[in-house]
Amino acid sequence: MQNKTPLENYDIIVVGGGHAGCEAAASSARLGCKTLLLTMYIDLLAHMPCNPSVGGTARGQMVREIDALGGLMGKIADRCAVHSRLLNHTKGPAVQSPRCQVDRFVYRNEMQRELMRIDNLFLKQGEVSNLILEDNKIKGIITKDMRFYTAKAVILTAGTFLGGEVHIGQNSQVSGRAGETASVELSKSLQQLNLDIKRFKTGTPPRVTKRSLDFTKFEIQDADENPTKFSFTAQKTLVNSKHCWMAYTTEQTQQIVADNIKSSSLYGGQIEGTGVRYCPSFEDKVVRFADKTRHHIFIEPEGDRSEELYLNGLSNSLPPEIQDKMLRSIPGFENIEVTRYAYAIEYDYVLPYQLKRTMELAKFNGLYLAGQIVGSSGYEEAAAQGLVAGVNAVHKLQNKKPFVLERSEAYIGVLVDDLVTKDIQEPYRMFTSSAEYRILLRHDNADIRLYDTACRVGLIDDNFKEKTKSKIKAIKDLTSQIEGRWIEGKEAVNLLNMPKAKLTDLIEKLSIEKAKYADDVIKHVEIELKYRTYIKRQLAQVERNLKMERVNLPDDLDYDKVDGLKNEAREKLNKLRPADLGQASRIAGISPADIAILTVYMRGIKKLPRKV
């Protein structure tokens, strides 16, 4: 097959049309590489098989970072948002995160239209069955119908399709999503490469008809009056056209599940893969939190023109007849009509310690992975990885410096570093608590803190550049005016330090012309002034930790020869191959004493440059 003349030659091939694949393909094509996006179902490009929402805790920050770097997710989400909220708005800015329900049908259509307009990007429908490698270097792919395409780099974003198997009660079927074909041959192809591959599990809740619910028994979840956009360049004002509601399960609900727990795929023995601890199935909630008398359920719209509703919090793998019984025990659900039953899905994933921070597999030149295929969960995590993989594939072909974000620069940097460094035992989900520098990594400042990086990457347009430059200038100007009047405005500054005080009050007391400054500029300066002590402290911490990040560890360093290291440290360092001392210090089981020994060792040898 390798000697057969290929149908077409590409610079980069992206396999999979989910959120990771869309961002990877868009970024590589826009940066000048001839790119093929090969997906099993073009009509389901950027489909949202689970909750039709974008953002959320920490994920909202990542979507704004994707937008600040020139990615697509935030722009598309803004076009089809139906219910938007700023989560944790009563708490500090470090943990506030934008989130919106979107019309999932419009979302995928808008993404498909966006991709089809990009020069250098070609979409084809097909299933990859095999990879072509020579001397551990990627050369192309072969499809199930024996089509052959060559490429200098391949990005795999297969999601839950990789060896996927859907479970409902005691019934199981090979499937990527309910009713869709799984990617079985590609899974076998990867296993033949002697990669470390395991299985994870996820699931989705039931969908029901709106007409069958009694909304008088639910709590309305209001959207924000002035919704926060994801895109820094969006012109359209977001309109909240849909409501969300909250319902509660009962003790009877719990009992029905408990009585039928063995009929669940999860507890009946069919499923071996590990699920998401922070987003458990309903059976897990009943078993793990047996003392709780009720659990909340979020009732969320599927779209503007859809009469289906999504029951967030009721993911399960019970038989349909038990799901019906369970649902009807919930107040307001007595006459419920289920359109799609919940199910669980198991799939293969490649353990991410085998990746570099560029998302390239260390063993195979030019082969990149992104999304659930490397053990993450969530549309936002997938999109972020796809962007990183796409940019890095281009940079490698163009002999440019790798695109790597540090933990102090972005949540995306935290995401990638955690994946390649930590021992991932469950689907990885981003939280604000994952970021040690979260006061620096706020959603409101993503455009500013990533501006220089975005300019180097080259995905943002001149309009975005000028808008961001003007914003930076305005922030500096307003800050300078306030600091210039710091002494005479001492009482006003003390006022600003009060929890509910606003910068607008301070501007008025200092006789500064408020009309000159946009709302986002005033908000940014307010946060920087209110939290200046914490920000300075974190910046100092970043500088200290950067000293370790600058000490590169050679690719071929034999940790067995480093005297004084614990056996556990040697084993993990040899397995995970950290890029630098900073990354080594974040590996579970590596102690400060081990880092001290490595530091001394590195001072005694020639410091070799590390390939990222």
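Before any of the text, the structure's been laid out above.
Computed from a predicted model, the values in this text were never measured in an experiment.

Colleague: Sorry if this is basic, but what is going on with the environment of R294 here?
Modeller: Following the sequence through the fold, R294 ends up in the loop between α8 (282-288) and β18 (296-301). Put simply, R294 and R550 are 256 residues apart on the chain and 51 Å apart in space, counted from C-alpha to C-alpha.

Colleague: Explanation requested: the pairing of strand β19 (residues 308-312) in the structure shown.
Modeller: Along a regular strand, successive side chains alternate from one face of the sheet to the other. Counting buried positions over the 5 residues of β19 gives 4, a clear majority of the element. One ladder, built from 3 bridges, connects strand β15 (residues 207-209) with β19; its direction is antiparallel. Its bridge partner lying in β19, R207 is registered against Y310. The sheet contact formed by β18 and β19 spans 4 bridges and is antiparallel. Of the residues in β19, the one forming a bridge with P301 is L309. Once β18 ends, the chain turns through 6 residues before running back antiparallel as β19.

Colleague: Just checking my understanding: could you explain the sheet that holds β18 for this structure?
Modeller: Spatial ordering of the open sheet is given by β16-β17-β18-β19-β15-β20, a layout of 6 strands whose pairing is antiparallel. Sheet topology places β16 (219-221) and β20 (338-340) at the edges, where each strand pairs with a single neighbour. Across the sheet, the mean angle separating the axes of adjacent strands is 35° when strand polarity is ignored. Of the pairings in the sheet, the one linking β15 to β20 comprises 2 bridges and is antiparallel in character. Counterpart to V208 in the pairing with β20 is V338.

Colleague: Explain the environment of L123 to me, please; I cannot follow it from the model alone.
Modeller: Within the fold, L123 resides in strand β7 (residues 121-125). Residue classification places L123 among the buried positions, given a relative accessible area of 19%. Residues L123 and A25 lie 98 residues apart in sequence; the distance between their C-alpha atoms is 9.5 Å. Beyond its immediate sequence surroundings of up to four residues, L123 is in contact with L37, I42, L45, L115 and M116.

Conventions and cut-offs
- Residues numbered from 1 in each chain as written.
- Predicted model: local features only at pLDDT ≥ 70, side-chain atom pairs only at ≥ 80, totals over all residues.
- Heavy atoms only, no water.
- Helix = DSSP H or I, 4+ residues; strand = E, 2+ residues; numbered from the N terminus.
- Buried < 20%, exposed > 50% of the residue type's maximum accessible area, 1.4 Å probe, protein only.
- Pairing = 2+ DSSP bridges.
- Axes fitted to C-alpha atoms, helices over the stretch in contact; angles between N-to-C directions.
- Contact = heavy atoms within 4.5 Å.

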